[in-house]
Amino acid sequence: MGEGGEGLRGEGRLIRSGAHDTDCVVVGASFAGLACATALARAGMRVTVLEKKANAGEKLHTTGILVKDAIDQIALLDGMPAALVRRIDGVRLYAPNMTHVDLSAPGYYFLATDTPALMRWLAGRAEEAGARIAYRTAFTGAGRIPGGFDLGDLGTTRYLVGADGPKSKVAEVLNLGRNENFLVGIEYEYADVEIAAPDRLHCFIDRRLAPGYIGWVVAGVGIVQVGLARRAGSDEATANAAMAAFLDKIAPVFDFRHARRVAVRAGMIPCGGLVSPLAARHALLVGDAAGMVSPVTAGGIHTALRHGLAAGQAIADTLNGRAEDPSLSFVRSYPTFRAKRLLRFLFDRFQSDLAFNLMLGTRPMRWAAGMIYFHRKGVFELGAQAKPR
């Protein structure tokens, strides 16, 4: 039966087209999901966010670094409480032999965040706009009905958005694209410690401990975050052993081996670029579920917020009859990461500790690092030299 028909029986009840319980259901109170829900609610849509956790800030898997571009471009962050962030003015990049150089760019900065509190604040903004967030509620499946989807006990909706992370259940149920290439990240949080150069994001290259990515230390909001990410494929014991070895290696600079660890974050980071397909009729993936993460830096918050907001507006325009289904054209606006996918390919296959040791202080390496960290704005500070520790 086509659109506008009398009805369809599903899950033992009569479902009438044009009388859905919500206009859109967003699965996942993530950065992308909350941005999408806020845009939809502000456009007058009835939107529900399904979140299996008890609150939006629970059990996070991200370091939570915001780039300056996000602050400049994402109006959703306007009014963000100052207590939730701490400014980081540059990067200190360490070669495998622990020599380092300092990177900065005029006027550019990062913001370390109290990420759990930031997520709860974003959830509050979505609710203030009129979105409903159903916590402790898991998405389990969806069946197509005229004009939308039947979600069983969760009711019916005209549109469905998957913002439920790199192992998206929405993608699985709707047979959309799935992330296949991952980094595995683990991060320890320490309280009551201080580090040298707290205005720097400290990044460590080491092919043995962090193949395919880096280790890091950053003075966050009230805590110090120490992490390591590496190509997927190793088991949990191997990842924990690598983290222990990393703590030993950086001990001459930052000794956390006897510090009080207050929390651990861990999770999968998609690094293969956008999945395909990204969408189906009346359904769309955003954020990590869509593979919307930089294959080089593993950063995804800026793009998640930006494209989550844009997706919400595009869906609202569709449901209001002002535009075609964003599954047909809007997804073409998603970032393709072509250059960064090439860099990921090269880094995965040709990463060399010896090359980094020899080249860290050279102009080509400085230029490349500036491109990666500062998006073509980066320069090394005048007088900065490779320094042994």
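Quick notes on the rules
- Residues numbered from 1 in each chain as written.
- Predicted model: local features only at pLDDT ≥ 70, side-chain atom pairs only at ≥ 80, totals over all residues.
- Heavy atoms only, no water.
- Helix = DSSP H or I, 4+ residues; strand = E, 2+ residues; numbered from the N terminus.
- Pairing = 2+ DSSP bridges.
- Core = buried A, V, L, I, M, F, W, Y, C linked by side-chain atoms within 4.5 Å.
- Buried < 20%, exposed > 50% of the residue type's maximum accessible area, 1.4 Å probe, protein only.
- Contact = heavy atoms within 4.5 Å.

Moving on: unusual backbone geometry. For residues besides glycine, phi is generally negative; the peptide bonds are generally trans as well. For the bond running from Ser276 to Pro277, omega is 0°, close enough to zero to count as cis. Tracing the backbone through its elements, the reader meets Pro277 in the loop between strand E18 (261-270) and strand E19 (279-280). Here Arg136, not a glycine, exhibits a phi torsion of approximately 55°, which is positive. Note on placement: Arg136 falls in the loop between strand E10 (132-135) and strand E11 (143-145).

Once that is clear, we can look at the sheet that holds strand E5 (residues 66-67). Within the open sheet, the three strands sit side by side as E5-E9-E6. Their pairing is antiparallel. Strands with a single pairing partner mark the edges of an open sheet, and in this sheet they are E5 and strand E6 (85-88). Pairing analysis gives two bridges linking E5 to strand E9 (residues 110-113), with the strands arranged antiparallel. When the sheet's bridge partners are listed, Val67 is paired in E9 with Phe110.

With 99 residues, the main nonpolar core has Val26, Leu122, Leu284 and Tyr334 as its most contacted residues. Among all residues touching Val26, those that are not within four sequence positions of it are Gly33, Cys36, Ala37, Leu40, Val47, Thr48, Val49, Leu50, Val161 and Ala163. Judged by nonpolar contacts, the second largest core, of 22 residues, contains Ile186, Val226, Phe246 and Val253.

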